[in-house]
Amino acid sequence: MKVRTFPKVAVVAAVVLTLAVGIFAIQQVQPMASPLVATANAAQAQTVYLYMDILGGFKLGPATPGKYHDAFSPWQMKVSAGAQVVLTIYNWDDMDHSFTSKELGVDVVTKPALKEGEPSVTVIKFTAPQKPGTYEFHCKVPCDTPNGDWSMSHQGYMIGQIVVVASS
Ligand SMILES: [Cu+2]
């Protein structure tokens, strides 16, 4: 029996047609795929790394000339809404302090420095609120004792702020 063969030109034409249809199909699919990819990226929260010192008898107080007070440094930090925050705190003081915030759902005691010049290191993780605004944190451990715990009731000392800004 004679085997029927297709002319070469017809085979090449068929392959080219198949490829053309394939490419056309891919191009048709892509506009659908793009929004799905964008959604997946938006769902991946940004991770932000923050670093803070706690210093004992470090910062002059305006109402108490010549007296140095315990303080967070920096005491104010900005993060994007919904960001995953990894906050590393170096406590250089010779006593416990804490990073405490009911609004942020964080309450962690930072151990004293190992010795002078060797801070304890505490890593805290939390998710920044979705709502932009100013969220307060403070130290709950009685401190700034030589000054009657003055730092504990003063912003910029043992009271600080996480400022949440709308994510771009
Ligand atoms: Cu304190």
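Procedures and definitions
- Residues numbered from 1 in each chain as written.
- Predicted model: local features only at pLDDT ≥ 70, side-chain atom pairs only at ≥ 80, totals over all residues.
- Heavy atoms only, no water.
- Helix = DSSP H or I, 4+ residues; strand = E, 2+ residues; numbered from the N terminus.
- Buried < 20%, exposed > 50% of the residue type's maximum accessible area, 1.4 Å probe, protein only.
- Core = buried A, V, L, I, M, F, W, Y, C linked by side-chain atoms within 4.5 Å.
- Contact = heavy atoms within 4.5 Å.
- Donors = N, O, S within 2.8 Å, 3.2 Å for Na, K, Ca; no water.
- Tetrahedral: all angles 85-135°; square planar, octahedral: opposite > 155°, others 65-115°.
- pLDDT = per-residue confidence, 0-100.
- Pairing = 2+ DSSP bridges.

**Notes on the overall build of the protein**
Thinking step 1. Along its length, the protein carries one helix and nine strands.
Thinking step 2. Reading the protein from its N terminus to its C terminus gives the helix and strand order α-β-β-β-β-β-β-β-β-β.
Thinking step 3. Within the protein, the fraction of its 168 residues that count as buried is 34%.

**Considerations on the nonpolar core**
Thinking step 1. With 26 residues, the main nonpolar core has Met52, Val79, Val85, Leu87, Phe99, Phe126 and Ile162 as its most contacted residues.
Thinking step 2. When contributions to this core are tallied by element, the ones reaching two or more residues are strand E1 (47-61), strand E3 (76-80), strand E4 (84-91), strand E7 (120-127), strand E8 (133-138) and strand E9 (159-165).
Thinking step 3. Looking at this core, the element that brings in the most residues is E1, giving four residues.
Thinking step 4. Residue contacts for Leu87: discarding those within four places in its chain leaves Leu50, Tyr51, Met52, Met77, Phe99, Thr122, Val123 and Ile124.

**Here we look at the coordination of the copper ion**
Thinking step 1. Within the protein, the atoms that donate to the copper ion are His97 (ND1), Cys139 (SG), Cys143 (SG) and Met158 (SD), at distances of 2.0 to 2.4 Å.
Thinking step 2. Each of the four donor atoms bound to the copper ion contributes to angles spanning 92 to 120°, and the resulting shape is tetrahedral.

**Describing the confidence of the model for the protein**
Thinking step 1. Model confidence for the protein is summarised by a mean pLDDT of 83, while 73% of its residues fall at 70 or above.
Thinking step 2. Contacts for the low-pLDDT stretch residues 21-31, under 50 throughout, to residues beyond four places or in other chains number zero contacts.
Thinking step 3. Predicted confidence for residues 33-41 stays below pLDDT 50, and this span has zero contacts to residues more than four positions away or in other chains.

**Focus: the pairing of E3**
Thinking step 1. Across the two faces of E3 the burial differs, with Met77 and Val79 buried and Gln76, Lys78 and Ser80 not buried at all.
Thinking step 2. Examined bridge by bridge, E3 and E9 share five bridges and lie parallel to one another. Across the sheet, residue Met77 finds its bridge partner in E9, namely Ile162.

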